[in-house]
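Observations on the model geometry
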Amino acid sequence: MTNIQFPGSERLHQSASEVLATGVSSGMRRRVTPTPLYFDRGQGPYFWDVDNHRFLDYTLGWGPLILGNNHRRVNDAVAAQLQRGYTFGAQHELEIRVARQIVELVPGIEQVIFSNTGSEAVQAAVRIARALTGRNKIVKFEGHYHGWMNNVLVSYHPTGGEPSESQATCGGQPPNEFADTIVLPWNDIESLRSAFDHVGDGIAAVITEPLLANSGCCEPREGFLQGLIELCRRHGAVSIFDEVITGFRLAAGGAREYYKLAPDLSVYGKAIAAGFSLSAVAGRKEMFDVLRDGRTFHAGTYNGNPICLAAASAALEVLADGDAFSKMHAHGQSLWRKITSAAESHGQPLVVCGAGTVFNVHWGVSQAPRDYRETLRSDAEAYTRFRMEMLNQGVYLLPDGRWYVGATHDDQALELAVNAIDHSIANIN
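Every chain begins its residue count from 1, and numbering advances along the sequence as written. Residue-level local features of this predicted model are given only where pLDDT is at least 70; pairs of side-chain atoms are given and counted only at 80 or more, and the full residue set underlies all totals for whole chains, interfaces and linings. Remark: hydrogens and water are excluded; side-chain values derive from all non-hydrogen atoms of the structure.

Here the focus is the overall build of the protein. Helical segments are the DSSP runs of H or I of at least four residues, strand segments are the runs of E of at least two, and each set is numbered from the N terminus. Along its length, the protein carries 13 helices and 14 strands. Based on C-alpha atoms, the radius of gyration is set beside the globule rule, defined as 2.2 Å times the residue count to the power 0.38. Computed over C-alpha atoms, the radius of gyration of the protein comes to 21 Å, within 12% of the 22 Å expected from 2.2 N^0.38 for 429 residues, which places it in the range of a compact globule. Reported as C-alpha extents along the three principal axes, the dimensions of the protein are approximately 65 × 55 × 45 Å. A separation of at least 24 residues holds for 69% of the contacts in the protein among residues at least 6 apart in sequence. The contact rule is simple, with two residues in contact once any of their heavy atoms fall within 4.5 Å.

Another point: the pairing of strand 9 (residues 265–268). Burial classes follow relative accessibility: with a 1.4 Å probe on protein chains only, a residue under 20% of its type's maximum area counts as buried, one over 50% as exposed, and anything between as partly exposed. Side-chain alternation along strand 9 places Leu265 and Val267 on one buried face and Ser266 and Tyr268 on a second face that is also buried. When DSSP finds at least two bridges between two strands, those strands are taken to pair. Relative to strand 9, strand 8 (residues 238–243) is paired through 4 bridges, and the arrangement is parallel. Each bridged residue has a counterpart across the sheet, and for phenylalanine 241 the counterpart in strand 9 is serine 266. Orienting the strands away from the viewer, one traces the path from the first strand over the helix to the second; a clockwise path indicates a right-handed crossover. Handedness of the β-α-β unit built from strand 8, helix 7 (residues 254–259) and strand 9 comes out right-handed.

Another aspect to go through is the nonpolar core. Tyr58, Ile102 and Trp403 are the most contacted members of the largest nonpolar core, which has 64 residues in total. Of all the elements, helix 9 (residues 306–319) adds the most residues to this core, at 11 residues. Residues contacting isoleucine 102, with those up to four places away along its chain left out, are Ile109, Val112, Phe114, Phe248, Ile272 and Leu316. Counting 42 residues, the second largest nonpolar core, distinct from the first, contains Trp186, Val206, Cys217 and Leu261. By nonpolar core we mean a set of buried residues, namely Ala, Val, Leu, Ile, Met, Phe, Trp, Tyr and Cys, connected to one another through side-chain atoms within 4.5 Å.

In the contact formed by helix 2 (residues 72–82) and helix 9, the axes pass within 8 Å of each other and the chain directions differ by 150°. Relative to helix 9, the element helix 2 is oriented roughly antiparallel. The element helix 2 and its partner helix 9 pack so that their crossing is right-handed. The segment helix 2 lies against helix 9, with Arg73, Val74, Ala77, Val78, Gln81 and Leu82 engaging Pro306, Ile307, Ala310, Ala311, Ala314, Ala315, Glu317 and Val318. Residues are grouped as follows: nonpolar covers Ala, Val, Leu, Ile, Met, Phe, Trp, Tyr, Cys and Pro; charged covers Asp, Glu, Lys and Arg; every other residue, Gly included, is treated as polar. Residue classes in the contact of helix 2 with helix 9 are distributed as 11 nonpolar, 1 polar and 2 charged. Lines fitted to C-alpha atoms define the axes here, with helix axes fitted over just the stretch in contact, and angles between the N-to-C directions of these axes take values from 0 to 180 degrees. Any angle that is under 35 degrees is reported as roughly parallel, and any over 145 degrees as roughly antiparallel; angles of 65 to 115 degrees are reported as roughly perpendicular and all others as oblique. Left-handed is the label given to a crossing in which the near helix is rotated counterclockwise from the far helix by less than a right angle, and right-handed is the label when the rotation is clockwise.

Right, dumping it as structure tokens:
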């Protein structure tokens, strides 16, 4: 098949580059395709670009679009709220409704606070942990992404050094701004135990993605997450699950339900409002005493924005359906099977890992990676060739091997994807 041409996107990117720094609004979007694609509209699991190509979408806006685009119930809720007001800078009943929905859906949660992005919510969780413990140091793991703030954008995708070396991810990160951030290799409970043995009385929190979705969808070793929670409890630190991706995606109750675990705090974003900008920190009631008694502070003009909360309330109602997640996981597992069987038929070594609703394809390896360093063994160039073939077949994928599955990925979408996978694996070179 002839490569699809994108004259409209090329023209718009040239125009954008004149007035918009880098030509895009988020740096991670610059290299998804050789020319950043410009989209015009979306419906369910499909996008149409400005050149009127239709693409089956397994990026879901980098995760938020768990109900696809233009979902009727979300649209109706947002349209109704638009008639009532955009924002109030004050209280309204949707705050109570959505907070109660989260408490009812997520195991072990008693109260929440709202913010707008995952980066903000992570910072709120870290601040709460420091105020609760009176300590400053935080532990994060190599390859885990917790937002773009300097204190956590550390050792995200290093290419050298040791797994326990704190490395800036980009320019503009003074070392003093992450001097209290300890970096450890993930899935290694002994490294965490050693850190607590040496500086346990200085560690305020340990933050982790429960499934390493941002770096290869590496799965936790048996007992690792529970061991992390127990070590934090033993040493008086706060355990934090960063569920910006996994929340309301692995299950209605996120990783807490999926892995049957209860960290002290959990951070939510992306899928919580099905494409609208909302995030939350959730935990037991006593975790928020530091806000009530004034030991620390949480604020934001757009916190609890009624438009976003209207979207969230509708989305959570849909996701509370008992069949929603079983259908999504089944769709994703069908994709897993097709990718692996087609690759085997054509002598292409690869593995797939993660969950049915978010997984990664690792080309050129025979075993699923268990931490960030092991993901570096994958053949990224081979995956890029496969991804470009999929684009030619009308399937839009992320550049890092990650696939997102949502509630509107139906049997018709699966048939289209399966045929594209067959063709693309047979034709990569």
